[in-house]
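Take a look at the letters that make up each chain.
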Amino acid sequence: MFTIVTGAQFGDEGKGKIIDLLCEEYDAVARFQGGDNAGHTVVVNGEKFKLHLIPSGAIRKKRLLIGPGVVVNPLSLKREMEELKKRGFELKNKDLGIDPRAGVIMPYHILLDELCDRKSGIGTTHRGIGFAYQDKIGREEIQMIDLTDEESFWKKIEKITPLKEALVERLGGDKRLVRDEKRLKEYLEIGKNVKDYLTDVSAEVNERLERGEGVLAEGAQGTFLDVIHGTHKYVTSSSTISSSACVNLGVSPKKVDRIVGVVKAYITRVGSGPFPTEISSELGEKIRKKGGEFGTTTGRPRRCGWYDAVLMRKAVRLNGYTDIAVTKLDVLGGLEKIKICVAYELDGRELEYPPERTEDLFRCIPVYEELEGWKEDIRNVREISQLPKNAKRYLERIEELAGVPISIVSVGEERDQTILLK
Ligand code: IMP
């Protein structure tokens with residue numbers, strides 16, 4: 001069984017909880033793109049785990065895999081492994097496998113990200129993601145395997161860094177930081193430990209599937225942050241949609257059994273970029289507070305908005321969702337009215353599908369349908385039949401507009417605060 005889970009919005013949809021929930025029935029969980037820009041939160045018995053790089057199956061003690069399409073900051077990897085160990089989840093090499101070809105986020109990638117983001121206004125997470133992927137595409141990547149061979153590592157550094165130094169200098173940064181020996185030696189030190197974890201993730205995933213095992217592919221960020229199909233330039237630097245799991249893990253599309261889209265009952269965005277249904281009034285602030293909408297990675301407040309069925313239409317198409325998981329429904333409780341954006345208005349025309357150009361999306365005015373809210377606290381509801389009538393109606397409308405069945409509804413951050421529909 002090969003299942004892919006992706007975010008259907010701008011990230012932060014609650015994928016961590018859904019993956020933790022789903023992966024019980026799988027043997028392995030594989031991250032296929034992104035890096036430690038992601039922040040996946042898993043809550044078990046009141047204990048919160050914030051994962052950035054390690055797949056969310058960690059708390060279920062599943063086999064965890066970091067694929068070759070991921071970019072890894074070794075310091076984050078070390079920190080996260082130490083943190084998990086302290087909390088009783090020591091990851092040995094039978095628990096975690098890292099592909100030798102996964103890219104390394106180098107100190108100069110982070111430096112360049114910080115320097116450039118000031119000018120570009122994208123509002124990146126400053127984790128060096130874009131610059132690490134530039135080097136993958138530009139074929140100047142240091143890969144995880146390079147951290148295990150000092151001689152070849154320093155040779156590569158010699159070759160690669162003069163251009164980086166020139167660039168940093170040009171951008172007004174301190175070029176001495178590019179070849180920060182102390183930091184690079186730290187990387188090599190981590191490399192010594194990482195050696196035992198290196199494994200061909202693509203081969204392992206395929207072998208597991210051939211044996212009839214279950215593998216869950218864990219997406220990071222969300223559909224509209226996809227580097228190709230998202231709201232360019234306000235996107236991340238990897239492909240975040242379901243087919244990216246096949247490309248990045250080297251698994252044939254023929255093998256895919258299920259594709260789960262995770263979508264919040266409203267929508268949030270962190271960083272800059274078009275956001276048609278953003279609520280700029282006090283209500284946005286109220287939702288932010290109630291939903292705890294602050295970045296897991298950067299702590300930045302997330303922008304909050306009404307559920308956008310127009311974007312969802314595109315997300316369903318791009319990902320080919322077989323079913324969707326709706327999260328944070330409880331956050332909308334207590335509102336008199338709840339809005340759903342069913343179309344956009346642009347230059348006097350009504351659009352049911354998002355326009356191609358980001359500039360146009362900035363100008364779209366949402367056309368709303370208004371539904372009655374519910375007053376009840378639904379955090380203890382475990383059966384769909386126990387939900388207030390208006391909450392059920394809201395879910396039905398989401399389902400109708402998406403044209404895909406809802407399989408999971410999350411009404412709180414704990415594992416058991418969940419309604420399963422199939
Ligand atoms: P980068 O991925 O750090 O380059 O950031 C590019 C854009 O993606 C910025 O708008 C970030 O806020 C956003 N982004 C990156 N990772 C996440 C995430 O895990 N959740 C939400 N937004 C993210």
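For the structure given in this document, a descriptive report is provided here. These numbers were taken from a predicted model, which means no experiment stands behind them.

The immediate surroundings of the ligand are formed by 16 residues, with N37, T125, T236, V270 and R300 found nearest. T125 has a polar side-chain atom sitting 2.5 Å from an oxygen atom of the ligand. In this structure, an oxygen atom belonging to the ligand sits 3.0 Å away from a main-chain N or O atom of V270. Protein contact buries 97% of the 470 Å² of open area that the ligand shows by itself. Tallied by class, the residues present in the shell around the ligand amount to 6 nonpolar, 8 polar and 2 charged.

The N-to-C vectors of helix 3 (residues 107-120) and helix 4 (residues 129-137) enclose an angle of 120 degrees; their axes lie 7 Å apart at closest approach. The orientation of helix 3 relative to helix 4 falls into the category oblique. Crossing hand, helix 3 versus helix 4: right-handed. Contacts between helix 3 and helix 4 involve Y108, H109, L112, D113 and C116 from the former and I129, F131, A132 and D135 from the latter. Here the residues of the contact of helix 3 with helix 4 are counted per class, giving 6 nonpolar, 1 polar and 2 charged.

Below, the discussion takes up the nonpolar core. F2, M312, Y321, L329, I340 and Y394 are the most contacted members of the largest nonpolar core, which has 67 residues in total. When residues of this core are assigned to domains, at least three fall in each of domain 1 (2-100 + 196-259) and domain 3 (264-420). Aside from chain neighbours lying at most four places away, what touches I340 is Y307, A309, V367, Y368, E369, L371, Y394, R397, I398 and L401. Formed by 43 residues, the second largest nonpolar core is a distinct cluster that contains L64, F89, A102 and V104.

So, about the pairing of strand 15 (residues 337-346). Where burial is concerned, most of strand 15 is hidden: 7 out of the 10 residues are buried. Summarising the sheet, strand 13 (residues 307-308) and strand 15 pair through 2 bridges and their orientation is parallel. For Y307, the partnering residue across the bridge sits in strand 15 and is I340. Judged from the 8 bridges that link them, strand 15 and strand 17 (residues 365-372) form a sheet pairing that is antiparallel. Residue Y344 lies in a different strand from strand 17, and its bridge partner there is P366. With 3 bridges joining them, strand 15 and strand 16 (residues 349-351) adopt antiparallel strand pairing. By the bridge assignment, L346 is partnered in strand 16 with R349. Hairpin connection between strand 15 and strand 16: a loop of 2 residues separates the two successive antiparallel strands, and D347 in this loop has a positive phi of roughly 50 degrees.

The next subject is the packing of aromatic side chains. One pass over the full model with this rule turns up 6 aromatic pairs. Ring geometry for F10 versus F275: centroids 5.8 Å apart, planes at 70 degrees, classification edge-to-face. Placement of the pair is F10 in the loop between strand 1 (2-7) and helix 1 (15-22) and F275 in the loop between strand 11 (267-269) and helix 9 (282-291), with a sequence separation of 265 residues. Overall, F10 belongs to the buried group, its relative accessible area being 2%.

Okay, the environment of L115 next. Along the chain, L115 turns up in helix 3. What makes L115 buried here is its relative accessible area of 6%. Sequence separation of L115 and G299 is 184 residues, and the distance between their C-alpha atoms is 20 Å. When near neighbours in sequence (up to four residues on either side) are disregarded, L115 contacts V168, L171 and G173.

So, on to unusual backbone geometry. With omega at 5 degrees, the peptide bond leading from H232 into K233 counts as cis. Here K233 is to be found in the loop between strand 9 (215-218) and helix 8 (242-249). Look at K61: it is not a glycine, yet its phi comes out positive at around 55 degrees. On the basis of relative accessible area, K61 is assigned to the exposed category, the value being 59%. We note that K328 has phi near 60 degrees; this positive angle belongs to a residue other than glycine.

Reported here for the second largest pocket is a volume of approximately 290 Å³. The wall of the second largest pocket is formed by 15 residues, among which Y133, K136, I137, S239 and N248 lie closest to the centre. Composition of the lining of the second largest pocket by domain shows at least three residues from each of domain 1 (2-100 + 196-259) and domain 2 (103-194).

Note that T231 resides in the loop between strand 9 and helix 8. Ignoring anything within four residues of it in the chain, the contact list for T231 reads F10, F224, R269, P274, T358 and L361.

Looking at chain direction, strand 3 (residues 40-44) and strand 4 (residues 47-51) are connected through 5 bridges and run antiparallel. Note on strand 4: the bridge partner recorded for V44 is E47.

It is worth spelling out the environment of I365 at this point. Its place among the elements puts I365 in strand 17. Sequence spacing of I365 and E90 is 275 residues, and the spatial spacing of their C-alpha atoms is 50 Å. Contacts of I365, omitting those with residues within four sequence positions, involve A343, Y344 and E345.

Rules behind the numbers
Residues numbered from 1 in each chain as written. Predicted model: local features only at pLDDT ≥ 70, side-chain atom pairs only at ≥ 80, totals over all residues. Heavy atoms only, no water. Near = heavy atom within 4 Å. Polar contact = N/O pair within 3.5 Å; in protein donor to acceptor, adjacent residues only side chain to side chain. Areas by Shrake-Rupley, 256 points an atom, 1.4 Å probe, with all protein chains shown as cover. Nonpolar A, V, L, I, M, F, W, Y, C, P; charged D, E, K, R; others polar. Axes fitted to C-alpha atoms, helices over the stretch in contact; angles between N-to-C directions. Helix = DSSP H or I, 4+ residues; strand = E, 2+ residues; numbered from the N terminus. Parallel < 35°, antiparallel > 145°, perpendicular 65-115°, else oblique. Left-handed = near helix turned anticlockwise from the far one by under 90°. Contact = heavy atoms within 4.5 Å. Core = buried A, V, L, I, M, F, W, Y, C linked by side-chain atoms within 4.5 Å. Buried < 20%, exposed > 50% of the residue type's maximum accessible area, 1.4 Å probe, protein only. Domains from an automatic or database assignment. Pairing = 2+ DSSP bridges. Phe/Tyr/Trp six-rings, centres within 6.5 Å; stacked < 30°, edge-to-face > 60°. 1 Å grid on protein atoms, 1.4 Å probe; cavity = no way out; pocket = protein on both sides within 12 Å on 5 of 7 lines; lining within 4 Å. Points joined across faces, edges and corners; volume = space filled by probe spheres on them.

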